[in-house]
Amino acid sequence: MKKILLLPAAVLLSFCCSNKELAKADGAKNIKMESQCPSDGTCSTEVFKNKTLVVKTDAYGSIYYQMEDDENTSVIVYQYNRTVKGDLQDANYKEEVVFEINNNETALSLENTSLQKSKMLFGRICFCRGQTGYYKVEEGQLNLTKNNNFITFNLDFTITKVPQIIKNINTTIN
């Protein structure tokens, strides 16, 4: 019985890594996280090629987004997921930054309200009454470059409507 339990534990431990380099299961993307991810969770970045970000508002005035096919743009999604301890219910906490880039541009520099040219949103998803949902990012600075198959971006931003943990992202994706 102990040997049966030892094998899954060994497999799980083999996935642990102290550096911030990650690879998708299909090997398509390598991500180097240069910014600090809080020690109580995990961070990830994903590029959805040939997608556009469609920002919508529901009947209550809350913002949400959908992705649709578009060969001219791609969507970048950065997520921080706090690790849930034990059997706590409603303890999930996630922050997400979502924005769109033009596939033909090699450099992008946006600041403050011009961040909305990329349709940038900040999402705070948790059991936090009145302080959860998606918000337009209108304070901050984004610098993005694309070389060959690499996308590098640095984002410093602030959301004044809700508390936030992630304020700086510095990432390279290939």
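Heads up: the structure comes first, above all this text.
Overview of the structure. Quick caveat: nothing in here was measured; it's all calculated off a predicted structure.

Some details on the overall build of the protein
A count of helical and extended segments in the protein gives one helix and 13 strands. Secondary structure of the protein in N-to-C order comes out as α-β-β-β-β-β-β-β-β-β-β-β-β-β. Residue pairs in contact within the protein that sit at least 24 positions apart in sequence constitute 53% of those at least 6 positions apart. Total accessible area on the protein is roughly 11,000 Å²; 50% of this is exposed by carbon and sulfur atoms.

Examining the nonpolar core
Counting 30 residues, the largest nonpolar core has V97, F99, L142, F153 and F157 as the members making the most contacts within it. Only β3 (41–48), β6 (73–82), β7 (93–102), β8 (107–111), β9 (121–126), β11 (140–147), β12 (150–157) and β13 (168–173) provide two or more residues apiece to this core. Sequence-distant contacts of F99, that is, excluding residues within four places in its chain, are made with L53, S74, V75, I76, S118, M120, L142, L144 and F153. L53, I63, V75 and V77 belong to the second largest nonpolar core, which has eight residues in total.

A short note on the state of the cysteines
Under the defined criterion, the tally for this structure stands at two disulfides. Here C126 engages in a disulfide with C128; their sulfurs sit 1.9 Å apart. The sign of the -135 degrees torsion about the S-S bond sets the C126-C128 disulfide as left-handed. Residues C126 and C128 agree in their burial class; the two are buried.

Definitions and limits used
Residues numbered from 1 in each chain as written. Predicted model: local features only at pLDDT ≥ 70, side-chain atom pairs only at ≥ 80, totals over all residues. Heavy atoms only, no water. Helix = DSSP H or I, 4+ residues; strand = E, 2+ residues; numbered from the N terminus. Contact = heavy atoms within 4.5 Å. Areas by Shrake-Rupley, 256 points an atom, 1.4 Å probe, with all protein chains shown as cover. Core = buried A, V, L, I, M, F, W, Y, C linked by side-chain atoms within 4.5 Å. Buried < 20%, exposed > 50% of the residue type's maximum accessible area, 1.4 Å probe, protein only. Disulfide = S-S within 2.5 Å.

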